[in-house]
Amino acid sequence: MAGMTLPQKLLALKSGQKQVSVGEVVDCKVDVAMAHEALAQLVKPFKEMGATKVWDPNRIVVPIDHWIPASSESSAKMHASIRKFCEEYKLPHLYDIGRQGICHQILAEEGFCLPGDLVVGTDSHTNMAGALGCFASGIGPTEMAAVFATGELWMRVPPTIKVELQGELTEPVASKDVVLSLIGQMGDDGARYQAVEFGGPAIDALPMYQRLTLTNMTTEMGAKAGVIACDDETLDYLDATPMASGRRKEIRTHAGLRSDKDAKYAKTFTLDCSKLEPVVACPQSPENVKRVKDVKVEKVDQVFIGSCTNARYEDLETVAAILKGNHVKRGTRLVVFPASTSIYLRALDSGIIKTITEAGGIFNPSSCGACFGGMGGVLAEKEVCVSTSNRNYKGRMGHPESMSYLVSPATAAVTALEGKLTDPREYYSEGELRPRKAVAA
Amino acid sequence: MSQALHFKTQFNGRAWALPDSVDTDMITPGKYLTIIDPKGLSEHILEGWRTDFPKQVKAGDILVAGDNLGCGSSREHAPLSMLGAGIPVVIARSFARIFYRNAINVGLPVMECPDMPKDFVKDGETVSVDLEKGIVRNETRKLETKGIPLSAKAIEILDAGGLVNIVRKKLHARTTGAHKAPGAPPEADFKQD
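Nothing here was measured: the structure is a model prediction, and the numbers come from that model.

Conventions we followed
Residues numbered from 1 in each chain as written. Chains lettered and ligands numbered in written order. Predicted model: local features only at pLDDT ≥ 70, side-chain atom pairs only at ≥ 80, totals over all residues. Heavy atoms only, no water. Helix = DSSP H or I, 4+ residues; strand = E, 2+ residues; numbered from the N terminus. Buried < 20%, exposed > 50% of the residue type's maximum accessible area, 1.4 Å probe, protein only. Contact = heavy atoms within 4.5 Å. Areas by Shrake-Rupley, 256 points an atom, 1.4 Å probe, with all protein chains shown as cover. Lys, Arg positive; Asp, Glu negative; His and termini not counted. Charge placed at Lys NZ, Arg CZ, Asp CG, Glu CD. Pairing = 2+ DSSP bridges. Axes fitted to C-alpha atoms, helices over the stretch in contact; angles between N-to-C directions. Polar contact = N/O pair within 3.5 Å; in protein donor to acceptor, adjacent residues only side chain to side chain. Domains from an automatic or database assignment. Buried area = accessible area lost by both parts, 1.4 Å probe. Parallel < 35°, antiparallel > 145°, perpendicular 65-115°, else oblique. Left-handed = near helix turned anticlockwise from the far one by under 90°. Nonpolar A, V, L, I, M, F, W, Y, C, P; charged D, E, K, R; others polar. Disulfide = S-S within 2.5 Å. Salt bridge = Lys/Arg side-chain N within 4 Å of Asp/Glu carboxyl O. Phe/Tyr/Trp six-rings, centres within 6.5 Å; stacked < 30°, edge-to-face > 60°. Lys NZ or Arg CZ within 6 Å of the ring centre and 35° of its normal.

Whenever I open this one, the overall build of chain B confuses me. Can you help?
Within chain B one finds eight helices and seven strands. Viewed in the frame of its principal axes, chain B has a C-alpha envelope of about 55 × 40 × 25 Å. Considering chain B as a whole, with its 193 residues, one finds that 56% of them fall into the buried category. Partitioning the contacts of chain B with sequence separation of at least 6, the portion at a separation of at least 24 is 65%. With an accessible surface of roughly 8,500 Å², chain B has 54% of that area assigned to carbon and sulfur atoms. Chain B carries 25 positive and 24 negative side-chain charges, and their two centres are separated by 3 Å.

Structure, rendered in structure tokens:
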């Protein structure tokens, strides 16, 4: 038998076959189906399909995350239809106000996705769950209606690109810099219709919150999935999730899945992380990647810390450490959206919210917020935003003539202090944040 | 293709030339995502690319794009806006995967033409498309390029008029006991562990 890559093994497992080959169309069983506001769109096709019940209420997760609390009459109407659907079909995993969060963060931190799972979601960044050893991919609402009804989905087995990460990352360089560098090299369609499998010593050393950033942005390479094999870091992360209780064995059932030694990859990219510098994706494509020190952006109107890519607790911690005792530059607005309510609560407990607010930032309830120009920090004409999110397409965050630059949380934080795009290494020496004198507003 | 197909496979219309990497934010900007119906979405089609496009596009027009059409979000609004505008078929050198899947699922025929030259079509020229033969012609300048014929899966879905009808048949077969898969009864399929 020919060797298989990890993504191929996952699809073999889910389609009940010993072997799958590239290009083959396989019918798979879905383990986790996630729908956010797109659920409002799938009600109609779901009913038209003649479905009278969902295939498994326990495997469906519904985080309301794009406009929460409702930003307009039309989003309120969507939310009302979502709540009604969840009640009608007795879906227990509705994440509404009070425990809301960005859908991908909810899937990860609640412990819905286990190694070996097939996860689909009505959002392109569903790829993120691949950091937990799953095959995770985005689909549209009509297709999700079919999954809700049948629990099944066809998949074409994609070729796999291997990304080998050598060396180690030194702060303030982060996995965001890694993934942006990769997108810069591969282009925004470099992994189109393919799966990306990450490996190498830098991955072994990478904490989960940073792994999630890597797989999250495989979407910006056009990838169908981004996968990292399960290891001790994965198991420790999952064991600490709310859903882990009583599932220790289940979490480990497919923990040992690895690519075969003789697996064939379509391409291999090797990156030495110890040589990486902070990078920025300039407007208007995530592939337009340059070194931060080579790009001059003299006036930044807004810094956005948010999105499924980089608004986890540790990201906020990095930002707060840089901001502590200092103040955001006059003329620059700092807008923060923690990725989930539980992150918000941790940040409240640890004082991060106080630190960032005192430094001049504004905290918003957890949601996608300004990332897609939805609410809370939408940009006006010609405004410039430096953002920890994943896309900087034309008009993505507001007016078509606004501009966004994608960076790591550390780069975003120092930029907020300086009011211009700034290399965070100016604030660090030998991987440590340099002590600084407090500067008043 | 031996069997007669139920969906239209030949088209002739005025072309719009879209550049590479036209993303879903250009097709349906984020501020319109609370609109769900195709007609309403068509009022803003490609507004993020050209603000006056919704006024200029007419039913029957054909979109001819470069690489990676529909990259970005999983929003089904994008192909729905095209259906709403009466665009009968979309051609591109390549498609982003979710856009492609969404288009087929909602019943919008699309064809990938990897060898299509960059200046194959200009706005306003007439193009003809034959999905079965896998051919796109620029009738104005008498040019021709080949497309990748649709996969069996895509044909099956388009032929049924979209994924909704396929699943409806499947569910119906399950409840009436017809067309059972060999081996286990369908109910057993739902059990994961």
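Help me out: how do you make sense of the sheet that holds strand S4 (residues 110-112) of chain B in this one?
The pairing of strands in a sheet happens through backbone hydrogen bonds and is either parallel or antiparallel. Residue and element names in this part refer to chain B. Taken together, the seven strands give an open sheet; going across it, the order is S4-S3-S2-S1-S5-S6-S7, and neighbouring strands pair in mixed fashion. Two strands bound the open sheet, and with one partner strand each, they are S4 and strand S7 (143-146). Between one strand axis and the next, the sheet turns through 25 degrees on average, direction left out of account. Relative to strand S6 (residues 135-138), strand S5 (residues 126-130) runs antiparallel, the two sharing four bridges. Across the sheet, residue valine 129 finds its bridge partner in S6, namely valine 136.

Whenever I open this one, the side chain of A:Gln105 confuses me. Can you help?
All names here are of chain A. Among the secondary structure elements, glutamine 105 is positioned in helix H4 (residues 103-110). For glutamine 105, a relative accessible area of 3% translates into the label buried. Among the polar contacts listed, one links the side chain of glutamine 105 to the side chain of arginine 312, at a separation of 2.9 Å. Beyond its immediate sequence surroundings of up to four residues, glutamine 105 is in contact with Glu110, Met128, Tyr237, Arg312, Ala339, Ser340 and Ile343.

Just to check I follow, could you spell out the domain arrangement of chain A for this structure?
The parts lose accessible area when they come together, and the size of an interface is often stated as this lost area. Residue and element names in this part refer to chain A. Each domain of chain A was delimited in the assignment, giving domain 1 (6-273) and domain 2 (280-433). Distance between the C-alpha centres of domain 1 and domain 2: 25 Å. Counting residues at the interface gives 36 residues for domain 1, matched by 38 residues for domain 2. Across the domain 1 to domain 2 interface the summed buried area is about 3,000 Å²; carbon plus sulfur atoms make up 61%. Summed over the three residues of domain 1 that lose the most area to domain 2, namely Ile102, Pro172 and Tyr209, the buried surface amounts to 22% of that side.

Looking at this model, I keep getting lost on the packing of helix H6 (residues 175-186) of chain A against helix H8 (residues 208-216) of chain A. Mind explaining?
Packed helix pairs are characterised by how far apart their axes lie and by the angle those axes make with each other. Residue and element names in this part refer to chain A. Direction vectors running N to C along H6 and H8 enclose 20 degrees, while the axes themselves pass 8 Å from each other. Taken together, H6 and H8 sit at an angle that is classed as roughly parallel. Where H6 crosses over H8, the two elements pack in a sense that is right-handed. Residue-level contacts link Ser175, Lys176, Val178 and Val179 of H6 to Gln210, Thr213 and Leu214 of H8. Grouping the amino acids of the contact of H6 with H8 by side-chain chemistry returns three nonpolar, three polar and one charged.

Explain the state of the cysteines here, please?
Disulfide: a covalent bond connecting the sulfur atoms of a pair of cysteines. Summed over all chains, the structure comprises zero disulfides over all chains. Looking at B:Cys113, it has no disulfide partner, and the nearest cysteine sulfur is the one in B:Cys71, 18 Å off.

Got a minute to help me understand the sheet that holds strand S4 (residues 93-95) of chain A in this structure?
Residue and element names in this part refer to chain A. Across the sheet, five strands lie side by side as S4-S3-S2-S5-S6; this open sheet has parallel pairing. With one partner strand each, in any of the chains shown, S4 and strand S6 (135-138) form the two edges of the open sheet. Within this sheet the neighbouring strands show an average axis-to-axis angle of 15 degrees, counted without direction. Judged from the two bridges that link them, strand S2 (residues 32-34) and strand S3 (residues 60-63) form a sheet pairing that is parallel. Following the sheet pairing, alanine 33 is matched in S3 by isoleucine 60.

Could you clarify how one ought to interpret the side chain of A:Ser181 in this entry?
Residue and element names in this part refer to chain A. Relative to the helices and strands, serine 181 resides in helix H6. The class for serine 181 is buried, based on a relative accessible area of 10%. Excluding residues that lie within four positions of it along the chain, serine 181 makes contacts with Leu271, Leu276, Val279 and Val289.

How should I be thinking about the interface of chain B and chain A in this particular structure?
Across the contact, 43 residues belong to chain B and 48 residues belong to chain A. Summed over both sides, the interface of chain B with chain A buries roughly 3,900 Å², with 53% coming from carbon and sulfur. A salt bridge links A:Glu152 to B:Lys170; the shortest N-O distance between them is 3.1 Å. Here chain B and chain A share 19 residue pairs in polar contact (both at pLDDT 80 or more) between them.

Before we go on, may I ask you to explain the packing of aromatic side chains in this structure?
Applying the stated rule across the entire model yields 13 aromatic pairs over all chains. Measuring from centroid to centroid gives 6.1 Å for B:Phe95 and B:Phe99, while their planes differ by 5 degrees, and the two rings are stacked. Both residues of the pair, B:Phe95 and B:Phe99, belong to the buried class. One cation-aromatic arrangement involves A:Arg99 over A:Tyr95; the distance from NZ or CZ to the ring centre is 4.0 Å.

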